[in-house]
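# Working through the structure, step by step
Each chain, written out:
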Amino acid sequence: MAARACVLLSLVCACAARECIELTIGDNQIFSRSIFNNTILKVAANNESLESSRVNLLDLWDKFPRIMVPVNGTSEQCRRDSRLFLDSLDRLELWALKMFDATAKPPSGILSGNGNQYGDFDECLGIDGAVRGKYCLASLQVTIGGEKGQHLDYLVHSGHYIRSNVTDMGHRLPRYSSILWGVCIPSSCSSFDLEDELSHKLSDLGISVKVQNTMCTVKNFKRPYSFGKTLTITFFLSIILLLSLGTMLDDGKEDGTNFEKLLNAFSLKRNLRKVFDLSDSPTRVKGVDAFRGINAFALLLAHKSMAMAHSPYVNKTSYSEVFGMPWAVIGRSAIIYTDSFLYLSGFLNAHNLLQDLEKKGTINFKDRMLARWFRLFPMFLSIMLFCTYILPDVNNGPQWNLVVEEHSRVCEKNMWKSFLFIHNYFGFEEMCLTHTHQIGMDMQLYVATLPLMYILWKFRKTGLALIVGIAAASTVLRYLAIHWYDISMFVYYGISVQKLLDAARYSYILPTHRATIYLIGVSMAFFIKSKKSHIKLSDNQARFVWALCFALAAYTIASPYQMGLEGYKYEHYPAAMFAAVTPILWGLFMCVAHWCICNDYTGSGKAFVESRIFKFFNKIAYAVYLTQFPIFFYNVGIQRHSEYYTPMLLFQLPEMMVILVVSILTTVAIEMPFNQVYRIYFGKSQTKLKDK
């Protein structure tokens, strides 16, 4: 009996202890008065933090609104249509079910980066019942608090690969940290109505909302008349007419009147033969084709990776993880590839000007500027006009208004700056075709090169001193800009969109800051022209020079790899040194490699350097450079749903083929004809004939 009583008493005590522990963990005040305070209080605190973040995250699923129509809209019609939608949804009417179905819902896989939800764009625009559908893409800024919530916040925002907020420019740089959410509402409601409704419903979840008017779409939207569009259509119809006449009337003869030569310049048959004619030109400089082709492909992939950051993925955290690996430094150092083009530009400009000086003893500034204008502007103008007035009407999609429509508005407002080749002084926010900042810099550096080359040819020591002084000043400017503005020329992990914009505005797109590598190219052209440029090397010596050359290139590209790793914290000194020293190191690599190629020290690599692929690409390189961004962002704009990310998406063969075909067509239809027009009417080598 006594034994049974002891067992029963033990069970009662165990139950009481269990209840006491459960009560203590749930109530801090009671537990703080316990004699076990020093040992179990920490457990309670940790559980409280975990519980806080757990509830916060679960609220995103449990309390996230499924119905988002603006029942309190600013207009009576909006409020009426919203109430009609709710009533019709209760009655299970088809149009209301479609509007509900087209709106995005919280998915699975949010912790894998599956946060961007477009809903069903086409289903929403197809609603034309009692109420017409309007598709809006809202930007949500989600914040998950708590000590344990930091890791959850990291996963929800796909590793914060690029930090952004809902107010950042999004038409070219991605709002990576913002979540895009598709909502279908009655067409009578405005973006402000939806933003107010979402802000009211989501504020308790720690979510801020931005819905721009430009991010809403209705079916068969009629754009207002634009005189610029009329001029654009007239321009392209004129080009098509000239191409048609030139192609049909081309008899294969070279002689004739200036008008006949003009028509021949627009002959597609003639220009296609020239594009695929890979015989060596007498003015060709060795190595230029290979340098241009390799760096253009690398820059193409770097631009593609930035465009990919706009797209939704069901596993977007994998995107961040891949580009946070050490090897991704190859893409993050993209400024090196643009430096290569500045080197080539400086080299070729100086090379051609030195030839003029040797033949004529002077530089014809007017003819040189006119030739440069015909070389750059017709193709540049064509792409600008197409992206501004034609492309917005071609298609639609969830992000179409952001990456195509918004960009066209920026172009329409700021195109005049590009006409004057000064667009690079106004930042990416106000730049039409942001990737063409290089054209603005190239033109400005070219203008500065004209008097500099004359001084260098006339007064060698003074010219060389000027080059060294300007290059050193440019280096100092880069270092100071990085240090003063807390920016970086290297796209480090976790960089913000605003810092990318600041880096462009204060250094990246300014010729004063990028002149060093350009002047290295100028100096190299002067050195190659001199009689002292050829140095006899044995095979082993040549191999040793190439080994040093490749080691220098590898070091220049890979040295900042730690800045690209996940968890990197920005520091002034490494960023400033990268910006200041990298162009010099890369320029030295380019010079040595170029010298070896020019002096036939390529050995077994000669077949690669002299590849016909590079010769062909050199003819369409300018078109590839201009057309790649419109094609990339066309595909971003029409993308309807999330896809599964793999690194192979960087090499989408259909997209690359489109870029290739479009580049060939624009080269033979615009670039080559206008270059020939210059030779006919302004070139000194052409004999002008009176029209019969």
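Residues numbered from 1 in each chain as written. Predicted model: local features only at pLDDT ≥ 70, side-chain atom pairs only at ≥ 80, totals over all residues. Heavy atoms only, no water.

## Remarks on helix α25 (residues 612-638)
Of all the bends in α25, the greatest, near 60°, is centred on I620. The buried count for α25 comes to 20 of 27 residues, which makes it a mostly enclosed element. Measuring from the side-chain oxygen of the N-cap residue of α25 to the backbone nitrogen of I613 gives 3.1 Å; that N-cap residue is S611. (Bend = angle between axes of the 7 residues up to and from the residue. Helix = DSSP H or I, 4+ residues; strand = E, 2+ residues; numbered from the N terminus. Buried < 20%, exposed > 50% of the residue type's maximum accessible area, 1.4 Å probe, protein only. Polar contact = N/O pair within 3.5 Å; in protein donor to acceptor, adjacent residues only side chain to side chain.)

## Quick look at the pairing of strand β1 (residues 133-142)
The element β1 is extensively covered by neighbouring structure, given that ten of its ten residues are classed as buried. The alternating pattern of β1 places G133, Y135, L137, S139 and Q141 on one face and K134, C136, A138, L140 and V142 on the opposite face, and all of these are buried. Pairing geometry for β1 and strand β3 (residues 179-186), over eight bridges, is antiparallel. Residue pairing for β3: L137 is matched across the bridge by G182. In this structure, β1 lies alongside strand β4 (residues 207-210), joined through four bridges in antiparallel fashion. Each residue of the ladder has a partner; that of V142, found in β4, is I207. (Pairing = 2+ DSSP bridges.)

## Examining the state of the cysteines
Summed over all chains, the structure comprises four disulfides. In this model, C136 is linked to C216 through a disulfide, with the two sulfur atoms separated by 2.1 Å. One quick way to see it: the torsion about the S-S bond of C136 and C216 is about 115°, and its sign makes the bridge right-handed. Here the residue C136 occupies a position in strand β1, and C216 occupies one in strand β5 (residues 216-218), the gap between them amounting to 80 residues. (Disulfide = S-S within 2.5 Å.)

## Observations regarding the packing of helix α22 (residues 539-558) against helix α23 (residues 572-598)
Where α22 meets α23, the closest approach of the two axes is 9 Å, and the angle between their N-to-C directions is 150°. What the angle tells us is that α22 and α23 run roughly antiparallel. Handedness of the crossing formed by α22 with α23: left-handed. Facing V545, W546, C549, L552, A553, Y555, T556 and I557 of α22, the residues of α23 in contact are T582, L585, W586, L588, F589, V592, A593, C596 and I597. Broken down by class, the residue content of the contact of α22 with α23 amounts to 15 nonpolar, two polar and no charged. (Axes fitted to C-alpha atoms, helices over the stretch in contact; angles between N-to-C directions. Parallel < 35°, antiparallel > 145°, perpendicular 65-115°, else oblique. Left-handed = near helix turned anticlockwise from the far one by under 90°. Contact = heavy atoms within 4.5 Å. Nonpolar A, V, L, I, M, F, W, Y, C, P; charged D, E, K, R; others polar.)

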